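# Results of the structural survey
The lines below spell out each chain.
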Amino acid sequence: MAFVDEITLKLKAGDGGDGVVRWLHEKGKEFSGAAGGNGGEGGDVYAVAVRDLSRLAAYRHSSSVSAERGADGQSKGKHGANGKDADAEIPVGSVVTVLEGARRGRVYELLKDGERLKILLGGRGGLGNKYFKGSRNTRPMQFTKGKEGEEARVKIELRMIADAGLIGLPNAGKSSLLNALTASRAKVGAYQFTTLEPNLGELYGYILADIPGLIEGASEGKGLGHKFLRHIARTKLLVHCISLEQTDILNARETVRRELVAHSAEMENKKEIVVLTKSDLSSAKQIKEIVGEFRARGTPTYAISVLEHKSISAFSKELVKLLKTL
Ligand SMILES: Nc1nc2c(ncn2[C@@H]2O[C@H](COP(=O)(O)OP(=O)(O)OP(=O)(O)O)[C@@H](O)[C@H]2O)c(=O)[nH]1
Ligand SMILES: [Mg+2]
């Protein structure tokens, strides 16, 4: 299914039911008493956070969510039933911005699974003629109609809540690493831009996100990765993958870091670790040297190969240990 990370939705709360004019029917008496009940309240519209990143894609087919109208009042003074509320399910981490209608300009964020926020209010029910009965108005003919429920058009943007983001140049081995660490089955290819949309995997309850490779100019829209930079802006940890095939490894790292910081300055201070990938293609001596250089700069650095299970399980343990402290 295509990865959809932004949609607009029409939301409509239920209208209130109308009040009605009714009379008690007693033998021999006409209009013996006003007995028209009030209308029910219209249903409210809520945004509800669900753990389903593909939820937004489903709205491409039905882009509106409406709550039920309240029922009209009834005879014998009975209220009409309230309309049912409606839930607009959106992925955890989404931001809801009201573009038009009631509460225009408001922004809501749903950060916890199951969080439920009222976005629109249903209309109040109208009043039946029983309500208007008084000592001077013994046979009221008045009633009021239900009020309209609120309506709005909202934009919903997905901001993934991954704990760690795998970043790096195209072909660095990011998807391969995600697959090796988690049960994910991201597509792997011996060419650039194999990953077109983010892949997620779970490692002992932590969510790892693998995004398309970043290239020079990504922050200005080059390549594919730029679209997803905002998704990793929220991760606690950047796992920077650099292939040992690169001739200038330090430079490869700087290229990607420049793009991150150009995208948003807060990336500068985000915790980053370096993972040198494809260690099977390099000599132990060369690896030791490069790891030493990065560590001397204060960057935790690891060398792995997806072909060497031991290197993966050792890194996996270190990664979980680190994630626990963040
Ligand atoms: N020898 C060796 N090859 C690897 C290793 N990890 C990945 N590769 C190969 O490197 C190529 C790129 O791997 P991917 O995991 O698709 O790289 P990526 O960083 O996700 O690439 P994009 O999605 O294009 O950004 C594939 O041909 C992989 O088989 C490794 O540890 N050793
Ligand atoms: Mg990939």
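Residues numbered from 1 in each chain as written. Chains lettered and ligands numbered in written order. Predicted model: local features only at pLDDT ≥ 70, side-chain atom pairs only at ≥ 80, totals over all residues. Heavy atoms only, no water.

- Going by the annotation in an unreviewed UniProt entry, the name recorded for the protein chain is Obg family GTPase CgtA.

## Section: the coordination of the magnesium ion (ligand 2)
- The magnesium ion (ligand 2) binds to the protein through S175 (OG) and T195 (OG1); the donor distances cover 1.9 to 2.1 Å. Of this pair, S175 sits in helix 3 (residues 174-181) while T195 is found in the loop between helix 3 and strand 10 (199-203), placing the two residues 20 residues apart along the sequence. No difference in accessibility class separates S175 from T195, as the two residues are buried. (Donors = N, O, S within 2.8 Å, 3.2 Å for Na, K, Ca; no water. Helix = DSSP H or I, 4+ residues; strand = E, 2+ residues; numbered from the N terminus. Buried < 20%, exposed > 50% of the residue type's maximum accessible area, 1.4 Å probe, protein only.)

## Re helix 7 (residues 309-325)
- With 17 residues, helix 7 should cover 24 Å at 1.5 Å per step; its first-to-last C-alpha distance of 25 Å lies within 8% of that length.
- What helix 7 keeps buried is the set S311, I312, F315, S316, L319, V320, L322 and L323. Take helix 7 and look down its axis: the buried residues cluster within an arc of 165°, on one side only. More than 90 degrees from the buried face of helix 7, the exposed residues found are K310, K317, K321, K324 and T325. (Expected span 1.5 Å × (residues − 1). Arc of directions from axis to C-beta.)

## Notes on helix 5 (residues 249-263)
- Between its terminal C-alpha atoms helix 5 stretches 22 Å, which fits the 21 Å expected from 15 residues at 1.5 Å a residue.
- Of all the residues in helix 5, the buried ones are I249, A252, R253, T255, V256, R257, E259 and L260.
- Its buried side turned inward, helix 5 meets strand 9 (164-168), helix 4 (229-232), strand 12 (237-243), strand 13 (271-277) and helix 6 (284-296).
- Taking the backbone nitrogen of N251 as reference, a side-chain oxygen 3.2 Å away marks D248 as the first, capping residue of helix 5. (Contact = heavy atoms within 4.5 Å. Polar contact = N/O pair within 3.5 Å; in protein donor to acceptor, adjacent residues only side chain to side chain.)

## Overview of the nonpolar core
- Counting residues in each nonpolar core, the largest one holds 27 residues, and the members touching the most others are L9, L11, L56, V154 and I156.
- The set of elements that each furnish at least two residues to this core consists of strand 1 (6-12), strand 2 (45-50), helix 1 (55-58), strand 4 (86-91), strand 5 (94-101), strand 7 (116-120) and strand 8 (151-158).
- Among the elements that take part in this core, strand 8 stands out by supplying four residues, more than any other.
- Among all residues touching I156, those that are not within four sequence positions of it are D5, E6, I7, L9, L56, I90, S94, V95 and V96. (Core = buried A, V, L, I, M, F, W, Y, C linked by side-chain atoms within 4.5 Å.)

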